Amino acid sequence: MMGKNRQQIFELFIAEKDNLFQYASYRLHDIKDVEDVLQNLYEKILSNPERFRNVENKRAYIYRILYNECTNLLRYSAKMDLRSPELFASLDKETLQPENFEEEFMMVNRLLNLLPPEQSEVIRLRHHSNLSFQEIADIMEIPLPTAKGRYRYGIEKIREKLKKLNLL
Amino acid sequence: MDTQDNIKSERDYVKVVELFNPKHPRKNELTFSKPKKRKMGKIWSLGGIAAMFAIIITVAIKLVMPVSAAEVINKALSNLSNAENVKVEFMMRAVKTGEDGIYRPDLNGNIVNGTLFIQKKGDKIFNRIDWDDSERNTIIFDGTKYIHLKNGTAVASHPSAFSDELINILNLEHQPDNIIKESDISTDGNTITVRHSKRNILFTGEFRKDNKQLAKASVVVTGKENAGMVMLETKLIDINIDIPETMFMD
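Quantities reported herein were computed from a predicted structural model and do not represent experimental measurements.

Caption draft 1: Region of interest: the overall build of chain A. Secondary structure assignment for chain A yields nine helices and zero strands. Of all 168 residues assigned to chain A, the portion counted as buried reaches 50%. Taking as baseline every contact in chain A between residues at least 6 positions apart, the subset at least 24 positions apart corresponds to 66%. Carbon together with sulfur atoms contributes 49% to the accessible area of chain A, which is approximately 8200 Å² in total.

Below you can see the structure in the form of structure tokens.
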């Protein structure tokens, strides 16, 4: 029998699970890593429901932990490095029209790795977690205009790079 | 011409935005219903040096060991557990995780020195780590939240369960039995050494017989690659020193 707090946590995770899943998928790629990170996140929150109950912005709290868990996992695993400038220079029009998740993951990360983390994170949260700029600002603890600005600068930077490669 | 350029730029901007809208999202079959074994080692997910000390201490106290060694270690750990204040100076091979002031152990990182302060007040445990880095970063976990200071000034604060994690790991009932079987104890003169290996990492705790104190703790890599690389080593462990409560406030 699940307690009231635990039931509320479970319901929150079920309501949010698609957004959490897509965010983690486009960051980590490996489906086992994605499942592990999300399950760990769930169990971490569940291990102290009283504390979670007192958290004011629960969504922001969950996404902050998820971001950290994904970052840690990537740091300690020998994943492919998509930051190489050569990888970006080898982009072509075909690459920008992915036909499956694998191709789309590669494309997204090759593009986002051009940006500083604070800009790429806003883009990820906006597109993969389907969050509003206000929610992103809450999660990242930054003013709303800063969240919008980081998004705009990030997209602009990618636009300029793609333009130089005649891909737009 | 400028207007045309602007229109083209705006169109291109929209095209780039469009690239990030998921077109082939994965099917999500996660249920969150079944408890599952964690894949990531807890030592890495805790994100703090204090957790490593806690692991060493907890491993040691749970061991099945010769009576004389057990007495020394139990007394030493009891002293440490009951100490109101603990100060540990240490070095760690680490990288800084963004702007949060937290360093995490990393084989590719640099050596950073730090001082850990732990203060117990009733059921509460306060932690503070002063990093000896150019920004003079300090992190504080005051039981309910994380506080980040730079050069003595608070720059960030948010809710954190770190202290709870530390309490959980210090709770002896949480220590898995297999750790007992996998540990090794040796005695040499005044020193009793406890070694525990886990995932290519060797945790070592050195206890002194005469004053019944934990004297040194270390974490060293034992895997094929980077074998012998010291990830963490204490320089000084001091208990019951005077630590003002204000050190755990922002």
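Caption draft 2: Representation of the side chain of Gln119(B) within the structure. All names here are of chain B. When you line up the elements, Gln119 lands in strand β3 (residues 110–121). The class of Gln119 is buried, set by a relative accessible area of 2%. One polar contact links Gln119 to Asn85, side chain to side chain, over a distance of 2.9 Å. Separated by 2.9 Å, the side chain of Gln119 and the backbone oxygen of Ile243 make a polar contact. Among all residues touching Gln119, those that are not within four sequence positions of it are Glu84, Asn85, Lys124, Ile125, Phe126, Ile243, Glu245 and Phe248.

Caption draft 3: Main features of the packing of helix α1 (residues 4–28) of chain A against helix α6 (residues 101–112) of chain A. Residues and elements named next belong to chain A. Where α1 meets α6, the closest approach of the two axes is 8 Å, and the angle between their N-to-C directions is 75°. If you check the angle between α1 and α6, you find them roughly perpendicular. Counting all contacts with α1, which are made through Ser25, Tyr26, Arg27 and Leu28, the residues of α6 involved are Phe101, Glu104, Phe105, Val108 and Asn109. Residue classes in the contact of α1 with α6 are distributed as five nonpolar, two polar and two charged.

Caption draft 4: Here's a closer look at the environment of Leu167(A). Looking at the secondary structure, you find Leu167(A) in the segment after α9 (144–164). With relative accessibility at 11%, the residue Leu167(A) sits in the buried group.

Caption draft 5: Structural view of the pattern of salt bridges. Scanning all chains against the criterion turns up 13 salt bridges over all chains. For Glu156(A), the salt bridge is made with Arg159(A), and the minimal N-O distance between the two is 2.9 Å. Taken together, the residues Glu156(A) and Arg159(A), both in helix α9 and three residues apart, mark about one turn of the helix. Side by side, Glu156(A) and Arg159(A) carry an identical accessibility label, which is buried. A single network of salt bridges, built from pairs that share partners, joins Arg152(A), Glu156(A), Arg159(A) and Glu10(B).

Caption draft 6: Geometry of α9(A). Residue and element names in this part refer to chain A. Along its 21 residues, α9 runs 31 Å from first to last C-alpha, staying within 8% of the 30 Å computed at 1.5 Å per residue. Along α9, the positions that sit buried rather than exposed are Ala147, Gly149, Tyr151, Gly154, Ile155, Glu156, Ile158, Arg159 and Leu162. Two residues or fewer past α9, Asn166 is found with a positive phi of approximately 55°.

Caption draft 7: Examining α1(A) more closely. In α1(A), a bend of some 60° at Glu16(A) exceeds every other bend along the element. Phi turns positive one or two residues past the end of α1(A), at His29(A), with a value near 75°.

Caption draft 8: Structural detail: the confidence of the model for chain A. Residue and element names in this part refer to chain A. The predicted model of chain A averages 84 in pLDDT, with 89% of residues at 70 or higher. Looking at the elements of chain A, mean pLDDT is at its lowest for helix α5 (residues 85–89), recorded as 57, and at its highest for α9, recorded as 95. Segment residues 77–84 is flagged for pLDDT under 50; beyond a separation of four residues in sequence, or across chains, it makes 12 contacts in the model.

Caption draft 9: Layout of unusual backbone geometry. Residues and elements named next belong to chain A. Residues other than glycine seldom take positive phi values, yet Glu141 does so here, at roughly 55°. Looking at the element boundaries, Glu141 is found in the loop between α8 (133–140) and α9. We note that Asn166 has phi near 55°; this positive angle belongs to a residue other than glycine. Assignment of secondary structure puts Asn166 in the segment after α9. A relative accessible area of 61% places Asn166 in the exposed class.

Rules used throughout
Residues numbered from 1 in each chain as written. Chains lettered and ligands numbered in written order. Predicted model: local features only at pLDDT ≥ 70, side-chain atom pairs only at ≥ 80, totals over all residues. Heavy atoms only, no water. Helix = DSSP H or I, 4+ residues; strand = E, 2+ residues; numbered from the N terminus. Buried < 20%, exposed > 50% of the residue type's maximum accessible area, 1.4 Å probe, protein only. Contact = heavy atoms within 4.5 Å. Areas by Shrake-Rupley, 256 points an atom, 1.4 Å probe, with all protein chains shown as cover. Polar contact = N/O pair within 3.5 Å; in protein donor to acceptor, adjacent residues only side chain to side chain. Axes fitted to C-alpha atoms, helices over the stretch in contact; angles between N-to-C directions. Parallel < 35°, antiparallel > 145°, perpendicular 65-115°, else oblique. Nonpolar A, V, L, I, M, F, W, Y, C, P; charged D, E, K, R; others polar. Salt bridge = Lys/Arg side-chain N within 4 Å of Asp/Glu carboxyl O. Expected span 1.5 Å × (residues − 1). Bend = angle between axes of the 7 residues up to and from the residue. pLDDT = per-residue confidence, 0-100.

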